[in-house]
Every structure is written in C-alpha cells, then in structure tokens.
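Here is how the chains run, residue by residue.
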Amino acid sequence: MKLITLMENTSCREDICYEHGLSLYLETGDHKILFDAGQSSAFAENAEKLGVDLREVDFAVLSHGHYDHGGGIARFTELNKTAPIYLHKRAFAPSVSAAGTYIGINKMLKGNPRLHFTEGKVTLAPGLTLFDCNRRKLYAP
C-alpha cells in the first residue's frame with residue numbers, strides 16, 4: 001500500500017503548501033483512493049507536485065462534513081469526472097464552531113449525483129470496507 005499526505009497543517013518541503021485540514025492519497029494493489037480533500041484546492045496543487053494524478057482516483061471518501069476535510073471536493077470533481085464520493089448521510093448537517101461560525105462543507109455540493117451517502121458498514125470494493133463510528137460508546141478518560 002502507498003500513502004501520500006497531500007495536505008495537512010505542516011510541510012517539510014518549501015514547494016508543498018500546507019493549511020489547516022487533511023487530504024490523503026492511498027493506493028492499494030487494485031485501487032486509488034482520495035481520503036478527504038483539505039479546505040481548498042491546494043491539495044490538488046500538492047498532488048501534482050507529488051506525482052499524484054487525481055484523474056486516476058477510483059473513489060473518494062470524506063471522513064466528515066467539515067470544510068477542512070471537504071473544502072476541496074469541488075476542485076476534485078473538476079479534475080476527476082467519474083470517481084464516486086462516499087460520505088456519511090449526515091455530512092451536510094449544520095456544523096458551527098463555538099463562536100457560531102459555519103464550519104461545514106459547501107451546501108451547494110449536496111445535489112451532486114456523484115455523492116453516495118453512507119451509514120454503518122459499506123463495502124467499497126472487495127477487501128475495502130468503509131464504516132462509521134457513530135454507534136460506538138464514548139468513554140470519558
């Protein structure tokens with residue numbers, strides 16, 4: 001398996017952008033996966049610099065509906081015209097910070113036919129299963 005960090009809040013290379021957020025590129029023996037898309041299109045610029053062709057991604061997964069993980073999805077859909085995008089059915093639920101600022105993903109994306117809303121356990125491909133943690137018990141330290 002190959003894992004390349006396309007975006008996070010630090011960088012050890014002068015030519016790689018960084019911002020608050022996350023975007024990872026994963027390659028298995030059979031699949032190319034985008035996991036999250038940062039807060040802007042900068043993840044795509046980094047992908048190009050790192051030799052990752054986002055047009056070849058088989059599918060994308062959003063971990064949750066915050067701007068710093070899904071803000072670049074619009075750019076991804078411009079570059080990759082076919083990959084389905086998997087996200088939890090509540091990804092567009094209202095999300096605000098403690099200060100009352102909206103921190104969710106762009107609501108205009110909600111009608112995109114490439115979005116596949118998930119809940120529980122979903123098989124993406126043989127050997128690749130996506131599941132949420134929404135039913136797990138939370139334990140206080």
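From a predicted model like this one, the values you see are computed outputs, not experimental measurements.

Visitor: Can you help me understand the sheet that holds strand E6 (residues 115-118) in this one?
Guide: The strands that make up a sheet pair up through hydrogen bonds in the backbone, lying either parallel or antiparallel. Taken together, 6 strands build an open sheet; the order of strands is E1-E2-E3-E4-E5-E6 and the sheet is mixed. Of all strands in the sheet, those bounded by a partner on one side alone are strand E1 (2-7) and E6. The sheet shows a mean angle of 25° between the axes of neighbouring strands, taken without regard to direction. The pairing of strand E3 (residues 32-35) with strand E4 (residues 59-61) spans 3 bridges and is parallel. Residue pairing across strands places leucine 34 opposite alanine 60, the latter belonging to E4. Where helix H1 (residues 42-49) meets the sheet, it contacts E1, strand E2 (23-27) and E3, and its direction lies at approximately 135° from that of E1.

Visitor: Looking at this structure, how should I read H1?
Guide: Given 3.6 residues per helical turn, the α-helix brings residues three or four places apart onto the same face. Among the residues of H1, those classed as buried are Ala42, Phe43, Ala44, Asn46 and Ala47. Lining the buried residues of H1 we find E1, E2, E3 and helix H3 (73-79). Just past H1, the residue glycine 51 takes up positive phi, approximately 80°.

Visitor: Could you clarify how one ought to interpret the environment of aspartate 36 in this entry?
Guide: Assignment of secondary structure puts aspartate 36 in the loop between E3 and H1. For aspartate 36 and leucine 62, which are 26 residues apart along the polypeptide, the C-alpha to C-alpha distance reads 4.8 Å. Ignoring anything within four residues of it in the chain, the contact list for aspartate 36 reads Leu22, Ser23, Leu24, Val61, Leu62, Ser63 and His69. Polar side-chain contacts of aspartate 36 include one of 2.7 Å to the backbone nitrogen of serine 63.

Visitor: Teacher, can you tell me more about the pattern of salt bridges here?
Guide: Charged atoms that come close allow side chains of opposite charge to pair. In total, this model carries 5 salt bridges according to the counting rule given. We note a salt bridge from arginine 75 to glutamate 78, for which the minimum N-O separation is 2.9 Å. Here the residue arginine 75 and the residue glutamate 78 both occupy positions in helix H3, the gap between them amounting to 3 residues, near one helical turn. Assessed through its relative accessible area of 32%, arginine 75 is described here as partly exposed.

Parameters at a glance
- Residues numbered from 1 in each chain as written.
- Predicted model: local features only at pLDDT ≥ 70, side-chain atom pairs only at ≥ 80, totals over all residues.
- Heavy atoms only, no water.
- Pairing = 2+ DSSP bridges.
- Helix = DSSP H or I, 4+ residues; strand = E, 2+ residues; numbered from the N terminus.
- Axes fitted to C-alpha atoms, helices over the stretch in contact; angles between N-to-C directions.
- Contact = heavy atoms within 4.5 Å.
- Buried < 20%, exposed > 50% of the residue type's maximum accessible area, 1.4 Å probe, protein only.
- Polar contact = N/O pair within 3.5 Å; in protein donor to acceptor, adjacent residues only side chain to side chain.
- Salt bridge = Lys/Arg side-chain N within 4 Å of Asp/Glu carboxyl O.

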